[in-house]
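Architecture at a glance
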Amino acid sequence: AVAALTPKSMAGRRVLITAGPTREEIDPIRYISNYSSGKMGYAIAREARLRGAQVTLVTGPTALTLPCGIDVVPVNSAEEMRRAVLERLERTDVVIKAAAVADYRPKVRAAAKVKKGASELVLELEKNPDILAEVGAMKGDRVVVGFAAETHDLIANATKKLTGKNVDMIVANDVSQEGAGFNVDTNIAKLLLRDGTVEELPKMGKDELAGVILDRITTLAEAKGR
Ligand code: CTP
Ligand code: CA
């Protein structure tokens, strides 16, 4: 079994999790987003709470039921998510960034509904801040975990994120495989650590995967005295 039979307690640990997509508004009634369901992040939040952690869930819009017993911070845009995370970083031991943050946002948000015209419409997009990279740059002895969704060159791309964003672990998903990634209940993940270890996990439910991720995080936190 990949998961411990009796999971270690996370009592006293302050865990901040981001989940779901972000929405980047075009005008008052339209937005750019992605297919993230939020299931993975919510599963981690529930399991961390069961293990005794003090959990904060910064969540983009999802159709999921909010888990009870945790501090929920609803956000819409990447910029709002960034602010919610950075404001709470000081009081956090573990950061888990399961959210699918929109990489780009419309450069201008129209104050009124954009009306259709006779010609094509061109939307100019600008880059959103990379929240995980910002957190990684000032992580101190916190445990910081990111996700990587890839359709090709999984290990190479995920390794770049692991070192480039200065995080402790990347949960890498090949989203081109059936039963992995967005909007399904299972995942096929590889866990990449800073020492070069790559743990290949079998296809498993997101709830079960949440447990394995938290097992590994607990080990990392113990090593850092967090
Ligand atoms: N992430 C973030 N802020 C962003 C973009 C991504 O915090 N603006 C985080 C995600 O929450 C995830 C990790 O970075 O934990 C990797 O996200 P992913 O989309 O796979 O990688 P990117 O760095 O955005 O690169 P690309 O989409 O081009 O693969
Ligand atoms: Ca991205």
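Scroll up to find the structure.
The sections below set out a description of the structure shown in this document. The model shown is predicted, which means the values in this text are computed figures rather than measured ones.

Below, the discussion takes up the overall build of the chain. Of regular secondary structure, the chain possesses five helices and 14 strands. A globule of 226 residues ought to have a C-alpha radius of gyration of about 17 Å, and the chain, at 18 Å, matches this closely. Expressed as lengths along the three principal axes of its C-alpha atoms, the size of the chain is roughly 65 × 35 × 30 Å. At a minimum sequence separation of 6, the contacts of the chain that also span at least 24 residues come to 63%. For the chain, the computed accessible surface area is about 11,400 Å², with 51% contributed by carbon and sulfur atoms. Positive and negative side-chain charges in the chain, numbering 33 and 30 respectively, have mean positions lying 3 Å apart.

Overall, the coordinates contain 22 salt bridges when judged by the stated rule. The residue Asp168 makes a salt bridge to Lys139 at a minimum N-O spacing of 2.8 Å. Separated by 29 residues along the polypeptide, Asp168 in the loop between α4 (154–164) and β10 (169–174) and Lys139 in the loop between α3 (131–137) and β9 (143–150) bring together distant segments of the chain. Here the two residues Asp168 and Lys139 agree in accessibility, since each one is buried. Between Arg216 and Glu199 there is a salt bridge, with its nearest N and O atoms 2.8 Å apart. Residue Arg216 is found in helix α5 (residues 206–224), and its partner Glu199 is found in strand β13 (residues 198–200); the two are separated by 17 residues along the sequence.

What follows is about the sheet that holds strand β5 (residues 71–74). Reading across from one edge, β5-β4-β1-β6-β9-β10-β12-β13 is the order of the eight strands in this open sheet, with mixed pairing throughout. Here the strands that pair on one side only, and so sit at the sheet edges, are β5 and β13. The average angle at which neighbouring strand axes cross in this sheet is 15°, direction not considered. Sitting on the sheet, helix α2 (residues 78–88) touches β1 (14–19), β4 (54–59), β5 and β6 (94–97), and the angle it makes with β1 is about 175°. Where α4 meets the sheet, its contacts fall on β9, β10, β12 (189–193) and β13, and the angle it forms with β10 comes to roughly 150°.

A few words now on the nonpolar core. In this structure, Ile17, Ile44, Ile96, Phe147, Val171, Ile213 and Ile217 are the most contacted members of the largest nonpolar core, which totals 33 residues. Those elements giving two or more residues to this core turn out to be β1, α1 (39–50), β4, β6, β9, β10, β12 and α5.

Criteria and thresholds
- Residues numbered from 1 in each chain as written.
- Chains lettered and ligands numbered in written order.
- Predicted model: local features only at pLDDT ≥ 70, side-chain atom pairs only at ≥ 80, totals over all residues.
- Heavy atoms only, no water.
- Helix = DSSP H or I, 4+ residues; strand = E, 2+ residues; numbered from the N terminus.
- Rg over C-alpha atoms; globule rule 2.2 N^0.38 Å.
- Contact = heavy atoms within 4.5 Å.
- Areas by Shrake-Rupley, 256 points an atom, 1.4 Å probe, with all protein chains shown as cover.
- Lys, Arg positive; Asp, Glu negative; His and termini not counted.
- Charge placed at Lys NZ, Arg CZ, Asp CG, Glu CD.
- Salt bridge = Lys/Arg side-chain N within 4 Å of Asp/Glu carboxyl O.
- Buried < 20%, exposed > 50% of the residue type's maximum accessible area, 1.4 Å probe, protein only.
- Pairing = 2+ DSSP bridges.
- Axes fitted to C-alpha atoms, helices over the stretch in contact; angles between N-to-C directions.
- Core = buried A, V, L, I, M, F, W, Y, C linked by side-chain atoms within 4.5 Å.

Everything listed is a geometric property; what it means functionally is a separate question.
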